[in-house]
Amino acid sequence: MGDRTYPIYIGNNLLQNAGKYFIRHHIGRTLIIVTDENVARRYLHPIIKSLKKKNYSVQTIILPPGEKLKSLETAGKIFSQLLLWNIERSATIIALGGGVIGDLAGFVAATYQRGIGFVQIPTTLLAQVDSSVGGKVGINHPLAKNMIGAFYQPAFVLADTSVLRTLPKRELICGMGEVVKYGIIMDRQFFEYVERYLVNALAGDEKILTHIIERSCELKAVVVSKDEKEGHLRAILNFGHTIGHALEHSGHYGFLRHGEAILYGMIAETQIAFELKMISFEQKERIEQMIQRIPIPSLAPLKLKYSKLITAIKKDKKVKDGSIRMTLPLKIGKVSLPMSVAEPFVQQSIEYVKIFGI
Ligand SMILES: NC(=O)c1ccc[n+]([C@@H]2O[C@H](COP(=O)([O-])OP(=O)(O)OC[C@H]3O[C@@H](n4cnc5c(N)ncnc54)[C@H](O)[C@@H]3O)[C@@H](O)[C@H]2O)c1
């Protein structure tokens, strides 16, 4: 990423020493922390204390939690607050929270006065392994998710693994969806590591989680540094997402969380690869067995209708000229570039995936 390269600091108890990293990166004196209520309650105080010790002036914007927040309306409210406070271009916005806060605060940082300083302090596993890496920021539109945004890199990312102790189990599972994905698309050894230590990771073992976060960031960074703006290569990160997004949509974004939908999406898309004779039965089984060990809700209550799912799939931004395109696994650790898949294979894979879940 050339001059847009930035470090990701990963470790425990980093928040209490946040100020040190701001000094190291010559961040200007004015900071605005954007966070949500759940995170603020637990982690705002130690960060502010550390920043004030280093003579930073800190303002905070605390929002209610939830995906609904990632809207033009909330962004507008933040812009108004920044203007009322006379925030200048030398200021820096800190996104303290999960992917919702990271995307929203990053979008504001990218656009306020055509771009001000930006630092990410991700507090969910998903944000630490995925959304804080790669520079995508944005908001939702009532008609579609993540449709308005920018590529905007932070000065640095501070991923404190200690904060994962308070993360609800379901959120941890959502992050694991992306972790499993990295193993399947790029790194067999990493897949095997996650396979071996899955139970420990889901129980919140910090040593295991730290390795998982480090390797996931490295793997995502390899892809993003070669293809920042989503040409061909970055599309491999979308493995499991074409069908996953449609499943998420069919539950109106309330029934399945994103990471859970991606886990199902990976089962379905691996089944397509198997039907197309691109992956062996043994490798497909191993992927399924790994995913089945992660507790995710059964799809049964969704009463999935293929006609609705296919409409959602065709709306996906990965569909080109009406043809459904996806990245498919060739073996654990290697995927194809996006390729066209005929509709009957998609339909069959959705029937197949219905039998999974707890
Ligand atoms: N920019 C990207 O590249 C990218 C990639 C993947 C996902 N995303 C986006 O990320 C968003 C999802 O992010 P998410 O899964 O982190 O959800 P989230 O930000 O909604 O956080 C999940 C919940 O956990 C709470 N929380 C956060 N940290 C906590 C902690 N340490 N302890 C206790 N509770 C905590 C939050 O308040 C929230 O209720 C979606 O909007 C998605 O589009 C972006």
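Residues numbered from 1 in each chain as written. Predicted model: local features only at pLDDT ≥ 70, side-chain atom pairs only at ≥ 80, totals over all residues.

Colleague: Would you take a moment to explain the overall build of the protein for this structure?
Modeller: Summing up its helical and strand segments, the protein has 13 helices and 12 strands in all. Expected size for 358 residues packed as a compact globule is a radius of gyration near 21 Å; at 20 Å, the protein falls within 12% of this value. Reported as C-alpha extents along the three principal axes, the dimensions of the protein are approximately 60 × 40 × 40 Å. Each of the 358 residues in the protein was classed as buried or not, and the buried ones make up 46%. Long-range contacts, defined as pairs at least 24 residues apart, comprise 77% of the intrachain contacts of the protein with a sequence gap of at least 6. (Helix = DSSP H or I, 4+ residues; strand = E, 2+ residues; numbered from the N terminus. Rg over C-alpha atoms; globule rule 2.2 N^0.38 Å. Buried ≥ 20, exposed ≤ 12 C-beta atoms within 10 Å, placed from the backbone. Contact = placed C-beta atoms within 7 Å.)

Colleague: I'm lost on the domain arrangement of the protein in this one. Help?
Modeller: Interface size, as often reported, equals the accessible area lost upon joining of the parts. According to the domain assignment, the protein contains domain 1 (2–166) and domain 2 (169–353). For domain 1 and domain 2, the distance between their C-alpha centroids amounts to 27 Å. In this complex, domain 1 contributes 19 residues to the contact, which on the side of domain 2 involves 22 residues. When residues of the side of domain 1 that touches domain 2 are assigned to their parent elements, the largest contribution, 5 residues, is made by helix H5 (residues 125–131). Of the residues in the side of domain 1 that touches domain 2, the class split is 9 nonpolar, 7 polar and 3 charged. (Domains from an automatic or database assignment. Nonpolar A, V, L, I, M, F, W, Y, C, P; charged D, E, K, R; others polar.)

Colleague: What exactly am I supposed to notice about helix H13 (residues 343–353) here?
Modeller: Considered for burial, the residues of H13 that qualify are Val-346, Ser-349, Ile-350 and Val-353. Summarising the axial view, the buried residues of H13 lie within an arc of 100 degrees, below the 170-degree limit, and thus occupy one face. Opposite the packed face of H13, turned more than 90 degrees from it, sit the exposed residues Pro-344 and Glu-351. Looking at the packing, one finds that the buried side of H13 touches helix H9 (241–250), helix H10 (258–275) and helix H12 (306–315). (Arc of directions from axis to C-beta.)

Colleague: Hey, could you run me through the nonpolar core in this one?
Modeller: Generally speaking, soluble globular proteins have nonpolar side chains that are buried together. In this structure, Ile-32, Val-34, Ile-93, Ile-94 and Leu-96 are the most contacted members of the largest nonpolar core, which totals 100 residues. No fewer than three residues from each of domain 1 (2–166) and domain 2 (169–353) sit in this core. (Core = buried A, V, L, I, M, F, W, Y, C linked by C-beta atoms within 7 Å.)

Colleague: Would you explain the site of the ligand in this entry?
Modeller: Residues in contact with the ligand amount to 27 residues; listed here are only the nearest, Asn-38, Gly-98, Gly-99, Thr-124 and Ser-131. Those elements that provide at least two residues to the shell around the ligand are helix H2 (37–53), helix H4 (99–111), H5 and helix H6 (169–186). Partitioned by chemical class, the residues of the shell around the ligand number 9 nonpolar, 11 polar and 7 charged. Residues from two domains meet in the shell around the ligand; each of domain 1 (2–166) and domain 2 (169–353) gives at least three. (Near = placed C-beta within 6 Å.)

Colleague: Looking at this structure, how should I read the environment of Ile-310?
Modeller: With respect to the helices and strands, Ile-310 occurs in helix H12. On the basis of neighbour counts, which here come to 16 C-beta atoms within 10 Å, the residue Ile-310 falls in the partly exposed class. What Ile-310 contacts, discounting residues up to four positions off in sequence, is Glu-343 and Val-346.

Colleague: Any chance you could explain the pairing of strand S7 (residues 144–151) here in plain terms?
Modeller: For a regular strand, side-chain orientation follows a simple rule: the groups alternate between the two sheet faces. Bridge analysis of strand S6 (residues 136–141) against S7 gives 5 bridges, and the strand direction is antiparallel. From the neighbouring strand, Gly-138 faces S7, where its bridge partner is Gly-149. (Pairing = 2+ DSSP bridges.)

Colleague: I keep staring at the pairing of strand S4 (residues 92–97) and nothing clicks. Help me out?
Modeller: By the criterion of burial, S4 is predominantly enclosed, with 6 of the 6 residues buried. Pairing analysis gives 5 bridges linking strand S2 (residues 30–36) to S4, with the strands arranged parallel. Bridge pairing links Thr-35 to Leu-96 in S4.

Colleague: What's the story with the packing of H6 against helix H8 (residues 206–226) in this structure? I'm lost.
Modeller: For any two helices packed against each other, one specifies the inter-axial angle together with the distance between the axes. Relative to each other, H6 and H8 sit at 50 degrees, their axes nearing to 10 Å. Accordingly, the angle class assigned to the pair H6 and H8 is oblique. In the packing of H6 onto H8, the handedness of the crossing is left-handed. On the side of H6, the interface is formed by Val-179, Tyr-182 and Met-186, while H8 contributes Ile-212, Ser-216, Leu-219 and Lys-220. (Axes fitted to C-alpha atoms, helices over the stretch in contact; angles between N-to-C directions. Parallel < 35°, antiparallel > 145°, perpendicular 65-115°, else oblique. Left-handed = near helix turned anticlockwise from the far one by under 90°.)

Colleague: I tried to follow the packing of helix H3 (residues 72–84) against H4 on my own but got confused; where do I start?
Modeller: Where H3 contacts H4, the two axes come as close as 10 Å, and the packing angle between them is 50 degrees. When the axes of H3 and H4 are compared, the pair comes out oblique. At the point where H3 passes H4, the crossing takes the right-handed sense. Seen from H3, the contacting residues are Thr-74, Ala-75, Ile-78 and Phe-79; seen from H4, they are Leu-104, Phe-107 and Val-108. Class assignment for the residues of the contact of H3 with H4 results in 6 nonpolar, 1 polar and no charged.

Colleague: Would you mind showing me how to read unusual backbone geometry here?
Modeller: Generally, phi is negative for residues other than glycine and the peptide bonds are trans, each holding for most cases. Of note in the backbone geometry, Gln-113 takes a positive phi value of approximately 50 degrees without being a glycine. Within the secondary structure, Gln-113 sits in the loop between H4 and strand S5 (117–122). Not every positive phi belongs to a glycine, and Arg-114 is a case in point at roughly 65 degrees. Residue position: Arg-114 is located in the loop between H4 and S5. You can call Arg-114 exposed: it has 7 C-beta atoms within 10 Å.

Colleague: Just to check I follow, could you spell out H4 for this structure?
Modeller: Because each turn of an α-helix spans 3.6 residues, side chains separated by three or four positions in sequence point in the same direction. If you check H4, its first and last C-alpha atoms are 18 Å apart, about what 13 residues at 1.5 Å a residue would give, namely 18 Å. All of the buried residues in H4 are Gly-99, Val-100, Ile-101, Gly-102, Asp-103, Leu-104, Ala-105, Gly-106, Phe-107, Val-108, Ala-109 and Ala-110. Residue Gln-113 follows H4 closely and has a positive phi angle near 50 degrees. (Expected span 1.5 Å × (residues − 1).)

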